[in-house]
Amino acid sequence: MAKPDLSGNDAAHLERARALAASGWGFVHPNPLVGCVLVRDGEVVGEGYHKAFGGPHAEIVALESALTRAEGATAYVSLEPCNHQGKTPPCTQALLRAGVRRVVFGASDAGPGSGGGARALAAAGIDVVGPCWTPQESRAENPAFFHAARHATPYVAVKLAQTLDGRIAQAPGRRTPITGEEANVEVHRLRTGFDAILVGGVTARVDDPLLTVRLVPPGRVPPRRLVLDPDATLPSDAALLRDARDAPVHVFTRADVREGELERLEGAGAHVHPVEGHGGLLDLDAVQGVCAGLGIGSILCEGGGRLATSLLVAGIARRLYLFIAPCTLGPSGVAAFDADPGTLGWGAFRPAFPPRLHGRDTLLVLDREER
């Protein structure tokens, strides 16, 4: 389907709706981010975004801010207005009651029960324009939401901090800070929008991370911490086990690990999940299946390089958050991706957004193309 031709004003108001939507990150998932702008006679009369899971949708917030000025207005919405009764009434009906005469939306609603809003509005005589974004542009705003509409597995993104020469550490087993404080703040913000944070066993032992949200306000639900630890070698006094009651820790091990090691980890507060493995690695499909059964819909993998490589080679990673620091570590440093470039599937990834600066570091966000 060809994208509609929008006027400059239409495009600007729709981009404003997109920017508003982003403010809901970390507070609305698994619901999508949505923003809405109401414009009448060239004047913005109302704005809003979906602020909290279970709370009013963006259109309702914008209508409440506009009051009677919404009559005859155009509603610019980043996502097609919903057409079903869920935790809140259908936004289509609210727009009709308010007397909105035109709706311009960015992305079609991929929800199995919430779509069809554009048809309902058009049938009621509303001038409807959309979807105005390409499928790739639409998924970029709400990747986990769109993934869930097509897949039973969790949405997986990989975050890595690397140098200009593609290194993530000075030497194997050596903790090496790569990015600055601004980038670290952005990582914590990203964490708030995921159900779980994943690391490999080596990263858990070497970096001894907490994997919690600390540098920004906490999101709606603390993300669970996931560790792929085939040999069950995570120390009982690991930092992430200290507050396992507040933010659960799930450790995945090989199915043939000694019972005593499993009991040790469970005694330290972890939920242990033995799964099949081969060649010293765990079966990633089995791990995904367990996560889906736990209700985990989105996962942010924060390393290390070996795990990130495995997720790429297996085609599981759907997004890459690559923080590039303006420094080098040289050929003795640890490579970010431990595989032949031809096996990583780089050709399937496209930029989701323009590069963004966080202090001295650059963030590249790449999405795998959907077929």
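Just so you know, these numbers come straight off a predicted model, no measurement behind them.

Caption draft 1: Region of the structure containing the overall build of the chain. From N to C terminus, the chain includes eleven helices and 19 strands. A compact globule built from 371 residues would reach a C-alpha radius of gyration of about 21 Å, and the chain, at 22 Å, matches this within 12%. Across its three principal directions, the C-alpha atoms of the chain cover 65 × 40 × 35 Å. When burial is assessed residue by residue, the chain has 51% of its 371 residues classed as buried. Contacts in the chain between residues far apart in sequence, at least 24 positions, make up 73% of those at least 6 positions apart. Across the chain, the centroid of the 37 positively charged side chains sits 2 Å from that of the 41 negatively charged ones.

Caption draft 2: A look at the environment of N142. Summarising the element assignment, N142 is placed in the loop between helix 5 (135–141) and helix 6 (143–148). Considering only alpha carbons, one finds N142 and R225, 83 residues apart in sequence, at a separation of 22 Å. Not counting the four nearest positions on each side in its chain, N142 is found in contact with P32 and L33.

Caption draft 3: Broad picture of helix 1 (residues 8–21). Here helix 1 is 14 residues long and its end C-alpha atoms lie 20 Å apart, about the 20 Å a rise of 1.5 Å per residue gives. Inspection of helix 1 places D10, H13, L14, A17, R18, L20 and A21 among the buried residues, and these make up the whole buried set. On an axial view of helix 1, the arc spanned by its buried residues comes to 165°, and they lie on one face. Structural note: helix 1 exposes G8 and N9 on the side pointing more than 90 degrees away from its buried face.

Caption draft 4: View of the environment of H147. Among the structural elements, H147 can be located in helix 6. Its relative accessible area of 7% is what places H147 among the buried residues. Separated by 114 residues in sequence, H147 and E261 place their C-alpha atoms 36 Å apart. Beyond its immediate stretch of four places on either side in the chain, H147 contacts T153, P154, Y155 and R318. Among the polar contacts listed, one links the side chain of H147 to the backbone oxygen of P154, at a separation of 3.4 Å.

Caption draft 5: Quick peek at the nonpolar core. Membership of the largest hydrophobic core comes to 39 residues, with the highest contact counts inside it found for L234, Y321 and F323. Residues contacting L234, with those up to four places away along its chain left out, are A204, D229, L240, L241, V251, R264 and L265. One finds V34, A58, Y76 and C132 within the second-largest nonpolar core, a separate group that totals 33 residues.

Caption draft 6: Molecular detail of the state of the cysteines. This structure, assessed with the given rule, holds zero disulfides. Cysteine C82 remains unbridged, with the sulfur of C91 as its closest cysteine sulfur at 3.7 Å. Left unpaired, C291 is separated from the closest cysteine sulfur, that of C301, by 11 Å. For C291, a relative accessible area of 1% translates into the label buried.

Caption draft 7: Structural context of the pairing of strand 2 (residues 43–49). Bridge count between strand 1 (residues 35–40) and strand 2: six bridges; the pairing is antiparallel. Note that in strand 2 the partner of G35 across the bridge is Y49.

Caption draft 8: A look at the pattern of salt bridges. For the structure shown, the criterion picks out 18 salt bridges. One salt bridge in this structure joins R258 and E261, with 3.1 Å as the shortest N-O distance. Taking the shortest distance from any N to any O, the salt bridge between R350 and E369 comes out at 3.6 Å. In this pair, R350 sits in strand 17 (residues 349–351) while E369 sits in the segment after strand 19 (361–368), placing the two residues 19 residues apart along the sequence. The partly exposed category is assigned to R350, whose relative accessible area is 33%. Residue E369 is classed as partly exposed on the basis of its relative accessible area of 23%.

Caption draft 9: Seen up close, the packing of aromatic side chains. Scanning the entire structure with this criterion turns up four aromatic pairs. With centroids separated by 6.0 Å and ring planes inclined at 70°, the aromatic side chains of W25 and F194 adopt a geometry described as edge-to-face. Of the two residues, W25 is situated in the loop between helix 1 and strand 1 and F194 in the loop between helix 7 (181–191) and strand 8 (196–200); the sequence distance between them amounts to 169 residues. Each member of the pair, W25 as well as F194, is classed as buried. One aromatic cluster in this structure is built from F337, W346 and F349.

Caption draft 10: Representation of the pairing of strand 15 (residues 319–325) within the structure. A large share of strand 15 lies buried, amounting to seven of its seven residues. Residues R319, Y321, F323 and A325 of strand 15 are buried on one face, and the alternating residues L320, L322 and I324, pointing to the opposite face, are buried as well. As paired strands, strand 6 (residues 155–163) and strand 15 are joined by seven bridges and run parallel to one another. Across the sheet, K159 pairs through a bridge with Y321, a residue of strand 15. In the sheet, strand 15 pairs with strand 19 via six bridges, with the strands oriented antiparallel. The residue of strand 19 that forms the bridge with Y321 is V365.

Rules used in this analysis
- Residues numbered from 1 in each chain as written.
- Predicted model: local features only at pLDDT ≥ 70, side-chain atom pairs only at ≥ 80, totals over all residues.
- Heavy atoms only, no water.
- Helix = DSSP H or I, 4+ residues; strand = E, 2+ residues; numbered from the N terminus.
- Rg over C-alpha atoms; globule rule 2.2 N^0.38 Å.
- Buried < 20%, exposed > 50% of the residue type's maximum accessible area, 1.4 Å probe, protein only.
- Contact = heavy atoms within 4.5 Å.
- Lys, Arg positive; Asp, Glu negative; His and termini not counted.
- Charge placed at Lys NZ, Arg CZ, Asp CG, Glu CD.
- Expected span 1.5 Å × (residues − 1).
- Arc of directions from axis to C-beta.
- Polar contact = N/O pair within 3.5 Å; in protein donor to acceptor, adjacent residues only side chain to side chain.
- Core = buried A, V, L, I, M, F, W, Y, C linked by side-chain atoms within 4.5 Å.
- Disulfide = S-S within 2.5 Å.
- Pairing = 2+ DSSP bridges.
- Salt bridge = Lys/Arg side-chain N within 4 Å of Asp/Glu carboxyl O.
- Phe/Tyr/Trp six-rings, centres within 6.5 Å; stacked < 30°, edge-to-face > 60°.

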